[in-house]
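An overview of the molecular structure
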Amino acid sequence: MHIHAPRFSFKALALFATGLCAFGGAVLPSAAHAQASVLLKHQQTSAIVETVDREAREVLLREDNGHLITIEYGAGVSDLPHLHEGDHLRISFVETLGADMAPPGSPLPESTLTTARGFAHGHPRGVIAAFNRERATIQAIDLKTHSVSFVTDDNALHVAVLHTKAMQDFLATLKVGDVVDMTRMESISYVITNETVPAAAPQAAAPAPSVAPVPAPAPAAQ
């Protein structure tokens, strides 16, 4: 199994054509304008780091069931907790697909990559999230069959059947000629469970300032 952390090669809109929207379950609340979002995948697993190839920027993991996972990460991934052979990981994969009406005259959407680091119960934690965005123009709509035809920025024609209620409801708000921005988000987060950052020791209370004794006055001369 190969997972490409930040350099995804697929197109967001291709999900419609392949029918992956059928797995959508979670629906995010809509804003004032038409939009929809579905959860395509949320998977958690535990694994051990087998090898780390920093030159090829690949990490080979072995799950508890023995399956191997190769994670490829590009030069854009940095500032994350470093992995080493033998590290024990708790990993979470999340994938969502969103559709939003493009405001008239708005610039083309840009794909972005976000990384973050932190701690989970004292264990180092890293997050990689890629947002792959693309714009489409609606060519034809068939509400009875929940199908739609659209052209993407590369002038490719796509025909898709929508299977989730969220996307079907969104389709009902569209008309031929509408411009839609699609966002496919994929994130990988991991926690290094065999490493623990010790909690900062509480600072000792500052000692009370010492006060030199006041010398007793000398007896007056008789």
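Presented here is an overview of the structure given in this document. (Residues numbered from 1 in each chain as written. Predicted model: local features only at pLDDT ≥ 70, side-chain atom pairs only at ≥ 80, totals over all residues. Heavy atoms only, no water.)

By the definition in use, this model includes seven salt bridges. Its salt-bridge partner being R62, residue E50 comes within 3.2 Å of it at the nearest N-O pair. On the criterion of sequence distance, the pair formed by E50 in strand β2 (residues 35-53) and R62 in strand β3 (residues 58-63) is long-range, its members being twelve residues apart. A salt bridge links D178 to K175, with the shortest nitrogen-to-oxygen separation between them at 3.0 Å. Relative accessible area serves as the criterion here: at 54%, K175 is assigned to the exposed category. (Salt bridge = Lys/Arg side-chain N within 4 Å of Asp/Glu carboxyl O. Helix = DSSP H or I, 4+ residues; strand = E, 2+ residues; numbered from the N terminus. Buried < 20%, exposed > 50% of the residue type's maximum accessible area, 1.4 Å probe, protein only.)

A few words on the pairing of strand β7 (residues 123-142). Where strand β6 (residues 112-120) lies against β7, nine bridges are found, and the strand directions are antiparallel. Following the sheet pairing, T112 is matched in β7 by F131. If you look at the hairpin formed by β6 and β7, you'll find two residues sitting between the two strands, and H121 has a positive phi there, around 55 degrees. Here six bridges tie β7 to strand β8 (residues 147-152), and the two strands are oriented antiparallel to one another. Paired with A140 across the bridge in β8 is S149. Taking the residues that link successive antiparallel strands as the turn, the β7-β8 hairpin has four residues, and the phi of H146 there is positive, at about 55 degrees. (Pairing = 2+ DSSP bridges.)

Taken as a class, soluble globular proteins show a tendency for nonpolar side chains to be buried jointly. Core analysis: the biggest nonpolar cluster contains 18 residues, and V148, M167 and V180 have the highest contact counts within it. It is helix α2 (residues 165-172) that contributes the most residues to this core, four residues altogether. The contact partners of V180, leaving out residues within four places of it in the chain, are A99, D100, M101, A102, E134, R135, A136, I138, F170 and L174. Counting 17 residues, the second largest nonpolar core, distinct from the first, contains I71, L80, L83 and I188. (Core = buried A, V, L, I, M, F, W, Y, C linked by side-chain atoms within 4.5 Å. Contact = heavy atoms within 4.5 Å.)

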